[in-house]
Amino acid sequence: MARGDTDADRAITEIYTHHYGGFVRLATLLVRDQSVAEEVVQDAFVELHKRWRKLRDTHAAVSYVRTSVVHRSRSVGRRRAVAARHQDDRPIDAPSAEHGALQAVAGQAVVAALRTLPVRQREALVLRYYADLSEGDIADVMGISRGAVKSHTSRGMTALRARLEEWS
Amino acid sequence: MSWSSEDEERLRRSLHDEASRVVPDSDALERIRERTRRLPWWRRPFAWSLATATAVAALTVAVGVTLNLDGNMQPDRAAITDELDSTGQESGEESGDESDETAGDDTIASSPPSGESSDVPDDVPRADASVIMTVPAYFLTETPAGHRLAREFRGVPDRDDAAEAALAVMFAGPVDPDYTTPWDPETEFSVTETDDAIEVALTVPEDGDPVPEELGELAVHQLVYTVQAALQRTDPVHILLDGRPADELWGVDVSDGVTRAPQLEVRQLVQINDPTEGMAVSSPVGIGGEAALFEATYQWRIEQNGVVVDEGFGQTEAGQRFSPFSFEVDLDPGEYEVIVTATDPSGGEGPGPMSDSRTFTVTE
């Protein structure tokens, strides 16, 4: 039986309540610019609304939005690649004397380094270490094999190692 | 492995630190809702432009629900136009091999019953039975060229599934006494959409009346047109009988799915949308619809008890394809019938022109 918009509206509201913030944070890690991330996530919700009829359950819908956010971030990233590269080259702001700030700056340095990685390495790391997804789920979201997830994760970590070790 | 679990923990913390600085836009749900609210126009709870308070009251009685109208409802012409445009393009591709049809011609259910619809305020629950939506349903009508499809727009209590709502109206039968349906009203149905097709599952009652063979093909197109118009999709319709893909229905081969027949071949060429049958309206009365006319000209007349009280003629924007028409008439209170007739290009030698009629009441 066909299902439609009343259900879809309710599903959107529910998923929004529990996951919108998380998806915006996820997208921000992937695309850097929060306003772009918000657009990406809102687009994914609008798309979900259209597809709700086929998805029908909240769990599948959350996965759908996550996948959609990752893929949309990737295509936004491609368009912004040049600008982003230039931004990532700039030096990190000088650390303040405060310890917390130092930690934060070190963290930012890691994130900045992360953003210079090839897109699939970045996605694999963010999905694993921020979104806490299993290897199988990451493979589904990225649309690649588990072996490929392993190799992207491994290469990404190796590339970040120098930055991570600066963070004492 | 060239990194340690400590490295992993650092990465995890740095990502979470970075993420924790992101404060998501608190108005985002509203933005999303604004965008998802753009439903196909007939699925939106609506205000009819011609429907004065009186007409709405009459309609309320007719469909047994109360229409929730208030000052917040704003017409949304732009959205309607956008959607009709996009439909025109889609169906244009679909009918690309029909040189006598243009994209605009093949627009699905191309005119709203009254030209305007609107969104309801947020706080009106969509499933509320006091909200109605309009669904298109096709029926059969006799014309000089034999039986053709004719359409009614009907207000029904709002529900999730436009296609099933439209089919419910189709099987239940027309309001207009000039229209008929050959389908058994007890037919059970459900509709499922797939990426590239629409599936309609039917269970025809065993002891019911079958569709007469000569109407079989049109009956199938009646179903196809109704479902496609309700879903605003022109994808082929696959029919299941008793849960299994059907090879044949009413003598028609449906094994490969049924594609949309060209409108000029199956539809009545004059279709009145406003007023709807039996509607109460106030004067001046707006009459409108769509017609595919030779040289784009039509005649109209208003009758009261069989006596012509007013008449005239008009032109649609384009000839020989479906194109909108509308005119206004000043009338005293009372019951009337409007008849719109295509001008006869054959000068009386052909099968005769097609026409459509509606009965309505002027209340003030």
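Preceding block: the structure.
One numbering rule holds for all chains: residues counted from 1, following each sequence as written. Key to labels: chains lettered from A, ligands numbered from 1, both in the order written. Only residues with pLDDT of at least 70 are given local features in this predicted model, and only at 80 or more are side-chain atom pairs given and counted; all residues enter the totals for whole chains, interfaces and linings.

**Details of the overall build of chain A**
Working definition: helices are DSSP H or I runs of at least four residues, strands are E runs of at least two. Numbering for both runs from the N terminus. The helix and strand tally for chain A stands at seven helices and zero strands. Start at the N end of chain A and walk to the C end: the helices and strands fall as α-α-α-α-α-α-α. Counting only residues that meet the buried cut, chain A has 39% of its 168 residues in that class. Excluding contacts between residues fewer than 6 apart, the proportion of contacts in chain A whose partners are at least 24 apart in sequence is 64%. Once C-beta atoms are placed from the backbone, each residue is buried if 20 or more other C-beta atoms lie within 10 Å of its own, exposed if 12 or fewer, and partly exposed for counts between those two. We call two residues in contact whenever the C-beta atoms placed from their backbones are within 7 Å.

**Some words on the overall build of chain B**
Of regular secondary structure, chain B possesses seven helices and 17 strands. When the 364 residues of chain B are sorted by exposure, 41% land in the buried category. Excluding contacts between residues fewer than 6 apart, the proportion of contacts in chain B whose partners are at least 24 apart in sequence is 69%.

**Describing the sheet that holds strand β11 (residues 279–281) of chain B**
Residue and element names in this part refer to chain B. Strands are labelled as partners when DSSP assigns at least two bridges between them. Read across the open sheet, the five strands follow the order β11-β17-β16-β13-β14; overall the sheet is mixed. The open sheet has two edge strands, β11 and β14 (307–315), and neither has a second partner. Looking at each pair of strands side by side, their axes are set apart by 30° on average, direction ignored. Pairing of strand β16 (residues 334–342) with strand β17 (residues 355–362), which is carried by eight bridges, proceeds in the antiparallel orientation. Residue pairing in the sheet places Glu 337 in a bridge with Thr 359 of β17. Axis lines are fitted through C-alpha atoms, for helices just across the contact stretch, and the angle between N-to-C directions can take any value from 0 to 180 degrees.

**Considering unusual backbone geometry**
Residues and elements named next belong to chain B. Between Asp 274 and Pro 275 the backbone carries a cis peptide bond, its omega angle lying at -5°. Locating Pro 275 in the fold gives a position in the loop between β10 (270–274) and β11. The step from Ser 283 to Pro 284 runs through a cis peptide bond, and the omega angle for that step is 0°. For Pro 284, the position within the fold is in the loop between β11 and β12 (285–292). For Asp 242, which is not glycine, the phi torsion reads 50° and is therefore positive. Among the secondary structure elements, Asp 242 is positioned in the loop between β6 (237–241) and β7 (244–245).

**Structural notes on the packing of helix α5 (residues 119–129) of chain A against helix α1 (residues 5–20) of chain B**
Angle between the axes and distance between the axes are the two parameters that describe a pair of packed helices. α1(B) packs onto α5(A) with a crossing angle of 85° between their chain directions and a minimal axis gap of 9 Å. In terms of axis orientation, α5(A) runs roughly perpendicular to α1(B). Of the residues in α1(B), those touching α5(A) at Leu125(A), Val126(A) and Tyr129(A) are Glu8(B), Leu11(B), Arg12(B) and Leu15(B). Considering only residue class, the contact of α5(A) with α1(B) consists of five nonpolar, no polar and two charged. What sets the label is the angle itself: under 35 degrees gives roughly parallel, over 145 gives roughly antiparallel, 65 to 115 gives roughly perpendicular, and the rest give oblique. Gly counts as polar in this scheme, as do all residues outside two lists: the nonpolar Ala, Val, Leu, Ile, Met, Phe, Trp, Tyr, Cys and Pro, and the charged Asp, Glu, Lys and Arg.

**Things to note about the interface of chain B and chain A**
Contacts between the two partners involve 34 residues from chain B and, on the opposite side, 39 residues from chain A. Counting residues per element, the ones that place at least two in the side of chain B that touches chain A are α1, α2 (28–36), α5 (162–172) and β4 (188–193) of chain B. In terms of residue count, the dominant contributor to the side of chain B that touches chain A is α1(B) (12 residues).

**Thoughts on the sheet that holds strand β15 (residues 322–329) of chain B**
Residues and elements named next belong to chain B. Judged by pairing direction, the sheet is antiparallel, and its three strands sit side by side in the order β10-β12-β15 without closing on themselves. Of all strands in the sheet, those bounded by a partner on one side alone are β10 and β15. Taking each pair of neighbouring strands and ignoring which way they run, the sheet shows an average axis angle of 25°. One ladder, built from four bridges, connects β10 with β12; its direction is antiparallel. Note on β12: the bridge partner recorded for Ile 272 is Gly 289.

**What about the pairing of β6(B)?**
Residues and elements named next belong to chain B. Here five bridges tie strand β5 (residues 198–203) to β6, and the two strands are oriented parallel to one another. Along β6, the bridge assignment pairs Ile 198 with Val 237. By convention a crossover is right-handed if, when the strands point away from the viewer, the path from the first strand over the helix to the second runs clockwise. In this fold, the crossover linking β5 to β6 by way of helix α6 (residues 216–231) has right-handed handedness. By the bridge criterion, two bridges tie β6 to β7 in an arrangement that is antiparallel.

**Regarding the nonpolar core**
Joining buried Ala, Val, Leu, Ile, Met, Phe, Trp, Tyr and Cys residues through C-beta atoms within 7 Å gives a set, and that set is a nonpolar core. Core analysis: the largest hydrophobic core is formed by 47 residues, its most contacted members being Leu26(A), Ala27(A), Val41(A), Val69(A) and Val126(A). Among the secondary structure elements, those contributing two or more residues to this core are α1 (5–31), α2 (34–55), α3 (58–89), α4 (99–114), α5, α6 (135–142) and α7 (146–166) of chain A together with α1 of chain B. If we ignore the near neighbours within four places in the chain, the residues touching Leu26(A) are Val69(A), Val126(A), Tyr130(A) and Ala131(A). Of all hydrophobic cores here, the second largest spans 39 residues; its members include Tyr138(B), Val156(B), Ala163(B) and Ile198(B).

**Some details on α5(B)**
Residue and element names in this part refer to chain B. Across the 11 residues that make up α5, a large majority, eight, are buried. Taken as a whole, α5 has its buried residues at Ala 162, Ala 163, Glu 164, Ala 165, Ala 166, Leu 167, Val 169 and Met 170. Contact partners of the buried residues in α5: β1 (132–143), β2 (146–157), β4 and α6.

**Looking at the pairing of β12(B)**
The two faces of a sheet get side chains in turn, since along a regular strand they alternate between them. Residue and element names in this part refer to chain B. The element β12 is extensively covered by neighbouring structure, given that seven of its eight residues are classed as buried. Relative to β15, β12 runs antiparallel, the two being bridged by eight bridges. Paired with Ala 292 across the two strands is Phe 322, which belongs to β15.

**Re the packing of α5(A) against α6(A)**
All names here are of chain A. In the contact formed by α5 and α6, the axes pass within 10 Å of each other and the chain directions differ by 135°. Relative to α6, α5 is oriented oblique. In terms of crossing hand, the pair formed by α5 and α6 is right-handed. Of the residues in α6, those in contact with Arg 120, Glu 123, Ala 124, Leu 127 and Arg 128 of α5 are Ile 138, Val 141 and Met 142. When the residues that make up the contact of α5 with α6 are grouped by side-chain class, the tally is five nonpolar, no polar and three charged. Crossing handedness follows the turn of the near helix against the far one: under a right angle anticlockwise gives a left-handed crossing, and clockwise gives a right-handed one.

Any functional reading would require information that these geometric values do not contain.
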